[in-house]
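Listed below are the residues making up each chain.
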Amino acid sequence: MQQIFDLMPFRDGASWKLAISGYANYGSSTDAVGVYKLMLKDATMNLNQITFSTMLILCSNCRWMDLGRQIHGQILKFGFGSYVFVGSPLLDMYAKLGLIFDAKGYYDEMPERNVVMCNTMITGLMPERHGMVEESKGERFHFLDNHDFRANVEWDGERGS
């Protein structure tokens, strides 16, 4: 795949995204990061929501907290911070890495939220994701109350709305 990518006379957003996704999805995570870094160096005009989303999912799956935080900074730098397609994987990454307060902070800063982001945030607060059963239970109900979401949440026979 690298040879084909290297021989391309013109690389557009789709070719960069395909190279990153191809490496990320087929077992060469470090090569995906290498292509991403090359893209940052040579082709920032091709950065898009899909590229950032792919990189965040990769960081989440590989448990790369430092790189994930760097990408979060790049998302903000290049103006993609308010996009739900980027925000949801960012929330998920922070939650999977146990950085619940970072996830909540980002969520609270989002100018617009939809049901996908709400579900991502609630899922991130599940105790099996970060081992804080009582804190998680209280936070989920507090989160729902503070964000005007009306939902019935069941947990071991308890109900909250």
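Residues numbered from 1 in each chain as written. Predicted model: local features only at pLDDT ≥ 70, side-chain atom pairs only at ≥ 80, totals over all residues. Heavy atoms only, no water.

Novice: Sorry if this is basic, but what is going on with helix H4 (residues 49-62) here?
Specialist: Since the α-helix turns once every 3.6 residues, residues separated by three or four places project in the same direction. For H4, which comprises 14 residues, the first-to-last C-alpha distance of 20 Å matches the rise-based estimate of 20 Å (1.5 Å per residue) to within 8%. Buried within H4 we find Thr 51, Phe 52, Ser 53, Thr 54, Met 55, Leu 56, Leu 58, Cys 59 and Ser 60. On its buried side, H4 packs onto helix H2 (13-25), helix H3 (29-42), helix H5 (65-77) and helix H6 (84-96). Two to three positions downstream of the cap, the backbone nitrogen of Ile 50 sits 3.0 Å from a side-chain oxygen, assigning the N-cap of H4 to Asn 48. (Helix = DSSP H or I, 4+ residues; strand = E, 2+ residues; numbered from the N terminus. Expected span 1.5 Å × (residues − 1). Buried < 20%, exposed > 50% of the residue type's maximum accessible area, 1.4 Å probe, protein only. Contact = heavy atoms within 4.5 Å. Polar contact = N/O pair within 3.5 Å; in protein donor to acceptor, adjacent residues only side chain to side chain.)

Novice: Is there a simple way to explain the packing of aromatic side chains in this structure?
Specialist: What characterises a pair of aromatic rings is the spacing of the ring centres plus the angle enclosed by the ring planes. Following the criterion strictly, the structure yields two aromatic pairs and no others. On the basis of an interplanar angle of 55° and a centroid distance of 5.3 Å, the ring pair of Phe 52 and Phe 80 is categorised as tilted. Placement of Phe 52 in helix H4 and of Phe 80 in the loop between H5 and H6 is noted, with a sequence separation of 28 residues between them. Accessibility assignment for this pair places Phe 52 and Phe 80 in one class, buried. An aromatic cluster of at least three residues, connected via ring pairs, comprises Phe 52, Phe 80 and Tyr 83. (Phe/Tyr/Trp six-rings, centres within 6.5 Å; stacked < 30°, edge-to-face > 60°.)

Novice: What is the right way to look at the packing of H3 against H4 in this model?
Specialist: Between two packed helices, the angle of one axis relative to the other and the distance separating the axes together describe the packing. Put simply, H3 and H4 touch, their axes get as near as 11 Å, and they point 145° apart. Of the two elements, H3 crosses H4, and the hand of that crossing is left-handed. Only Thr 51, Phe 52, Met 55, Leu 58 and Cys 62 of H4 make contact with H3, whose side of the interface consists of Ser 29, Ala 32, Val 33, Tyr 36 and Met 39. Classifying every residue of the contact of H3 with H4 gives eight nonpolar, two polar and no charged. (Axes fitted to C-alpha atoms, helices over the stretch in contact; angles between N-to-C directions. Left-handed = near helix turned anticlockwise from the far one by under 90°. Nonpolar A, V, L, I, M, F, W, Y, C, P; charged D, E, K, R; others polar.)

Novice: What should I look at first to understand the side chain of Ser 29 in this one?
Specialist: Examined against the element boundaries, Ser 29 turns out to sit in helix H3. A relative accessible area of 17% places Ser 29 in the buried class. Beyond its immediate chain neighbours, meaning those up to four positions away, Ser 29 contacts Tyr 23, Leu 58, Cys 62 and Trp 64.

Novice: Honestly, unusual backbone geometry in this entry has me stumped. Any pointers?
Specialist: Leaving glycine aside, a negative phi is the common case for residues, and trans is the common case for peptide bonds. Phi at Arg 63 is positive, roughly 60°, even though this residue is not glycine. Note that Arg 63 resides in the loop between H4 and H5. By relative accessible area, Arg 63 is classed as exposed at 52%.

Novice: Can you walk me through the environment of Asp 12 in this structure?
Specialist: Mapped onto the secondary structure, Asp 12 falls in the loop between helix H1 (2-7) and H2. Along the chain, Asp 12 and Asn 46 lie 34 residues apart, while their C-alpha atoms are 6.4 Å from each other.

Novice: Looking at this structure, how should I read the pattern of salt bridges?
Specialist: If charged atoms from side chains of opposite charge come close, those side chains can pair. Inspection of the entire model under this criterion finds two salt bridges. Residue Lys 96 pairs with Asp 92 through a salt bridge whose shortest N-O separation is 3.1 Å. Within this pair, Lys 96 and its partner Asp 92 are both found in helix H6, separated by four residues, close to a single helical turn. (Salt bridge = Lys/Arg side-chain N within 4 Å of Asp/Glu carboxyl O.)

None of the figures reported here should be taken as evidence of function without further support.
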